[in-house]
Amino acid sequence: MNTYFLIESGLRTLLSMFIGGLIGWERESVHRPAGLRTHMLVAVGSCITMQIGTYLSTTLALDTDPTRLGAQVISGMGFLGAGTILKEGATIRGLTTAASLWAVACLGLAVGSGAYTIAIIGFIAVILILTVFEYASTLIPSGKSTRFSICLQCHHTKNMIQHLNQLANKYDALIQDLQFMMINEELDEISFNFVTKRSSRKLNTTTLFSEFIQHEDIYSLKMIEY
């Protein structure tokens, strides 16, 4: 095993770590289930797999197809990606992260085969899709309304109604079936349906929940999306 082979193998592995790490960092920065280390491991594992196929075919001169091991990586990534997909009420999350894992595996294979130009161009494309086009996708309505059933307890009902109206205007939503109940002298309970006229891709149970709990007058909150 010569020095050139060691340097080449080391550079390919490091490049795959770098590519997988940056993509994983972006996923982890938005609190997705598969983050920095997962994407790095997928990239490095794919890179090593492709290098093994090439090593068996060229260095050891075995009668094998160097792409066969890489093909198994592409098909096998479906099982890992499925583990990142979560269902929250009517919303399915994790599809983008599952796709990024699959893309990282493909980039790792490209690096492992020595196709550096393809790997770097693909890496830039993936980063642009996850960042620039993430914002662009929020401008596209899904074409259907989303309904949240919300029950909250608060200290100052008047302030809370103002907060509800602000959120309704922000998300182009309607507040329906509004009901009040006094629990004690300081605490009231409000239940209602929060219905978007056109659903935003960024509006889900987690997003709306965080919008509500930022208000200082809320004591407790229950929310269901359906």
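Given the structure is predicted, the values throughout are model-derived calculations rather than measurements.

## Side note on the overall build of the protein chain
Next, step 1: When its secondary structure is counted, the protein chain shows 7 helices and 6 strands.
Next, step 2: Starting at the N terminus, the α and β elements of the protein chain follow one another as α-α-α-β-β-α-α-β-α-β-β-α-β.
Next, step 3: If you take every contact in the protein chain between residues at least 6 apart in sequence, the share linking residues at least 24 apart comes to 67%.
Next, step 4: Accessible area for the protein chain stands at about 13,300 Å²; split by element, carbon and sulfur atoms hold 62% of it.

## Quick word on helix H6 (residues 157–170)
Next, step 1: The end-to-end C-alpha separation of H6 is 20 Å, in line with the 20 Å expected for 14 residues at 1.5 Å each.
Next, step 2: On its buried face, H6 is in contact with strand S3 (147–154), strand S4 (173–182), strand S5 (188–196), helix H7 (205–213) and strand S6 (218–225).
Next, step 3: Of the residues one or two after H6, Asp172 is the one with positive phi, at around 55 degrees.

## Points about a nonpolar patch on the surface
Next, step 1: A contiguous nonpolar patch, built from Ile120, Ile124, Leu128, Ile129, Val132 and Phe133 and spanning about 550 Å² of accessible area, is present on the exposed surface.
Next, step 2: In this fold, Phe133 is placed in helix H5 (residues 116–137).

## Looking at the side chain of His163
Next, step 1: Of note, His163 is situated in helix H6.
Next, step 2: Beyond its immediate stretch of four places on either side in the chain, His163 contacts Glu211, Phe212 and His215.

## Re the confidence of the model for the protein chain
Next, step 1: Per-residue pLDDT for the protein chain averages 82, and the proportion of residues at 70 or more is 89%.
Next, step 2: Averaged pLDDT values for the elements of the protein chain fall to 59 in strand S1 (residues 86–88) and rise to 90 in helix H4 (residues 95–112).

## Some points on the packing of aromatic side chains
Next, step 1: Under the defined criterion, the tally for this structure stands at 4 aromatic pairs.
Next, step 2: Here Phe18 and Phe123 contribute two aromatic rings whose centre-to-centre distance is 6.2 Å and whose plane-to-plane angle is 50 degrees, an arrangement assigned as tilted. Linking Phe18 in helix H1 (residues 3–29) with Phe123 in helix H5, this pair joins segments that are 105 residues apart in sequence.
Next, step 3: With a centroid separation of 6.3 Å and an interplanar angle of 50 degrees, the aromatic rings of Phe192 and Phe212 are classed as tilted. Placement of Phe192 in strand S5 and of Phe212 in helix H7 is noted, with a sequence separation of 20 residues between them.
Next, step 4: Here the aromatic cluster, defined as three or more aromatic residues joined through ring pairs, consists of Phe148, Phe192, Phe194 and Phe212.

## Describing the pattern of salt bridges
Next, step 1: Summed over all chains, the structure comprises 3 salt bridges.
Next, step 2: For Arg27, the salt bridge identified is with Glu26, shortest N-O distance 2.8 Å.
Next, step 3: Judged by its relative accessible area of 4%, Arg27 is buried.
Next, step 4: By relative accessible area, Glu26 is classed as buried at 8%.
Next, step 5: Between Lys170 and Glu211 there is a salt bridge whose closest N-O contact spans 2.6 Å. Here Lys170 is found in helix H6, whereas its partner Glu211 is found in helix H7, with 41 residues between them in sequence.
Next, step 6: The class for Lys170 is exposed, based on a relative accessible area of 52%.
Next, step 7: A residue is classified by how much of its surface remains accessible, and Glu211, at 13% relative accessible area, is buried.

## A few points about the packing of helix H3 (residues 68–82) against H4
Next, step 1: For the pair H3 and H4, the least separation of the axes is 9 Å and the interaxial angle reads 160 degrees. One element, H3, and the other, H4, form an angle in the roughly antiparallel class. Relative to H4, H3 is oriented so that their crossing is right-handed. Two secondary-structure elements touch here, H3 through Gly70, Val73, Ile74, Met77, Leu80 and Gly81 and H4 through Ala98, Leu101, Trp102, Ala105, Cys106 and Leu109.
Next, step 2: Each residue belonging to the contact of H3 with H4 can be placed in one class, and the counts come to 10 nonpolar, 2 polar and no charged.

## Observations concerning the nonpolar core
Across soluble globular proteins, you tend to see nonpolar side chains buried next to one another.
Next, step 1: Counting residues in each nonpolar core, the largest one holds 21 residues, and the members touching the most others are Ile19, Ile23, Val42, Met77, Leu107 and Val126.
Next, step 2: Within the residue set of this core, elements represented by two or more residues are H1, helix H2 (36–59), H3, H4 and H5.
Next, step 3: When residues of this core are assigned to their parent elements, the largest contribution, 8 residues, is made by H4.
Next, step 4: If you look at the next biggest cluster of nonpolar residues, it comprises 18 residues, including Cys154, Leu164, Tyr171 and Met223.

Calculation rules
Residues numbered from 1 in each chain as written. Predicted model: local features only at pLDDT ≥ 70, side-chain atom pairs only at ≥ 80, totals over all residues. Heavy atoms only, no water. Helix = DSSP H or I, 4+ residues; strand = E, 2+ residues; numbered from the N terminus. Contact = heavy atoms within 4.5 Å. Areas by Shrake-Rupley, 256 points an atom, 1.4 Å probe, with all protein chains shown as cover. Expected span 1.5 Å × (residues − 1). Patch = residues over 30% accessible without salt bridge, like charges linked within 9 Å, V, L, I, M, F, W, Y side chains within 5 Å. Salt bridge = Lys/Arg side-chain N within 4 Å of Asp/Glu carboxyl O. pLDDT = per-residue confidence, 0-100. Phe/Tyr/Trp six-rings, centres within 6.5 Å; stacked < 30°, edge-to-face > 60°. Buried < 20%, exposed > 50% of the residue type's maximum accessible area, 1.4 Å probe, protein only. Axes fitted to C-alpha atoms, helices over the stretch in contact; angles between N-to-C directions. Parallel < 35°, antiparallel > 145°, perpendicular 65-115°, else oblique. Left-handed = near helix turned anticlockwise from the far one by under 90°. Nonpolar A, V, L, I, M, F, W, Y, C, P; charged D, E, K, R; others polar. Core = buried A, V, L, I, M, F, W, Y, C linked by side-chain atoms within 4.5 Å.

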